[in-house]
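Next come the chains, spelled out residue by residue.
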Amino acid sequence: MNIYQNLVKATPSWSLLGPSYRLAIKNYEAIAILFFIPTLLQILGGFYVGSTLSINKNHHFIEFAKLTTHSEIGVLLILLWLIVSIINYPPAIYFRLQAAGSEKIPSIADCYRQGFKDFYKVLFSELAFLLIVTIGLVLLILPGVLLFRRYVLVPYYAAQNPSLSLTQIFKLSAEQSAPFMFYIYGTFLVILAVSLVAETAFGNFVIGSVITTLVTYSVLFLPVMRYLEISKHFNKKSSVRAGSRKFVHH
């Protein structure tokens with residue numbers, strides 16, 4: 001069977017950049033709480049930990065200095081960022097689904113309330129995706145790339161299909177992403193390109209990292225917009241089939 005036979009035409013990935021940017025501007029308060037403030041903890045933590053590295057000029061290698069107050073603060077900030085990021089992940093998925101899928105701006109309280117309803121399923125779906133793709137990349141690059149397409153959008157499927165098991169969610173993601181394979185790869189290539197350009201332009205020092213982070217929020221909604229387009233496509237197909245069956249029955 002030719003894998004190209006079932007491919008569908010969708011919105012070009014670069015065309016999603018403008019709508020994603022406008023959504024980021026519109027929802028800046030929620031982005032600040034769910035994404036930006038936690039990321040600041042990571043940036044500052046990395047800066048403090050990085051300051052404990054020193055160059056041994058005689059032997060030309062990097063050595064770790066003894067733990068100082070700065071390095072301890074850095075480790076604590078990174079641990080705090082990790083904890084907050086885990087807590088924020090399901091609410092952040094819900095936020096992006098609501099912000100991109102409707103005109104209404106979701107409240108922070110609603111994001112946490114709704115996100116926590118399926119906290120473990122959404123979180124475990126992301127962790128399972130990362131594990132599967134990592135194993136695929138370690139064993140061979142091509143399987144990892146193929147698995148990435150199949151499962152990269154799985155947290156959105158988990159959030160919008162709470163009645164399904166994780167196995168069913170992963171199967172659904174794999175099946176529905178297949179006709180959109182090139183658009184999914186294109187979506188994340190655009191995200192990668194914007195991130196690389198921002199990092200190259202502003203550097204990796206503290207202020208530069210902050211600016212880079214802010215710039216990358218312009219592509220924050222690209223994955224969920226692609227997911228919603230895929231979901232809408234299959235919902236429409238299901239409606240057409242249901243209508244056809246009803247017509248034949250009558």
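Right above here is the structure, for reference.
The present account deals with the structure reproduced in this document. Bear in mind that the values here come from a model prediction, so they are computed numbers and not experimental data.

1. Concerning a nonpolar patch on the surface
Turning to step 1, where the next piece is worked out: On the surface, a cluster of nonpolar side chains totalling about 480 Å² of accessible area is made up of Tyr120, Phe124, Leu127, Leu130 and Leu166.
Turning to step 2, where the next piece is worked out: Examining the composition of the nonpolar patch, we find that four residues originate from one element, helix H5 (residues 119-139), more than from any other.
Turning to step 3, where the next piece is worked out: Locating tyrosine 120 in the fold gives a position in helix H5.
Turning to step 4, where the next piece is worked out: Take tyrosine 120: its relative accessible area is 56%, and that puts it in the exposed class.

2. Details of the pattern of salt bridges
Turning to step 1, where the next piece is worked out: Within the structure shown, the criterion is met by two salt bridges.
Turning to step 2, where the next piece is worked out: For arginine 113, the salt bridge identified is with aspartate 110, shortest N-O distance 3.1 Å. Remark: aspartate 110 and arginine 113 occur in helix H4 (residues 108-117); sequence separation between them is three residues, near one turn of the helix.
Turning to step 3, where the next piece is worked out: The partly exposed category is assigned to arginine 113, whose relative accessible area is 48%.

3. Quick word on H4
In an α-helix, one turn spans 3.6 residues; hence positions three or four apart end up facing the same way.
Turning to step 1, where the next piece is worked out: Here H4 has its buried residues at Asp110, Cys111 and Gly115. All buried residues of H4 project into a common sector of 120° when viewed along the axis, lining one side.

4. Re the environment of threonine 167
Turning to step 1, where the next piece is worked out: Position of threonine 167 relative to the elements: it lies in helix H8 (residues 166-177).
Turning to step 2, where the next piece is worked out: Residues threonine 167 and serine 125, 42 residues apart in the sequence, show an inter-C-alpha distance of 9.6 Å.

5. Some details on the packing of aromatic side chains
Where two aromatic rings form a pair, the distance of their centres and the angle of their planes describe that pair.
Turning to step 1, where the next piece is worked out: Under the counting rule described, the total for this entry stands at 15 aromatic pairs.
Turning to step 2, where the next piece is worked out: Judged by centre distance (5.1 Å) and plane angle (85°), the rings of phenylalanine 148 and phenylalanine 188 are edge-to-face. Highlighted residues: phenylalanine 148 in helix H6 (residues 141-151) and phenylalanine 188 in helix H9 (residues 181-202), separated in sequence by 40 residues.
Turning to step 3, where the next piece is worked out: When its relative accessible area of 23% is taken as the criterion, phenylalanine 148 is described as partly exposed.
Turning to step 4, where the next piece is worked out: Pairwise contacts between aromatic rings join Phe35, Phe36, Phe95, Tyr217 and Phe221 into one cluster.

Conventions adopted
Residues numbered from 1 in each chain as written. Predicted model: local features only at pLDDT ≥ 70, side-chain atom pairs only at ≥ 80, totals over all residues. Heavy atoms only, no water. Patch = residues over 30% accessible without salt bridge, like charges linked within 9 Å, V, L, I, M, F, W, Y side chains within 5 Å. Areas by Shrake-Rupley, 256 points an atom, 1.4 Å probe, with all protein chains shown as cover. Salt bridge = Lys/Arg side-chain N within 4 Å of Asp/Glu carboxyl O. Helix = DSSP H or I, 4+ residues; strand = E, 2+ residues; numbered from the N terminus. Buried < 20%, exposed > 50% of the residue type's maximum accessible area, 1.4 Å probe, protein only. Arc of directions from axis to C-beta. Phe/Tyr/Trp six-rings, centres within 6.5 Å; stacked < 30°, edge-to-face > 60°.

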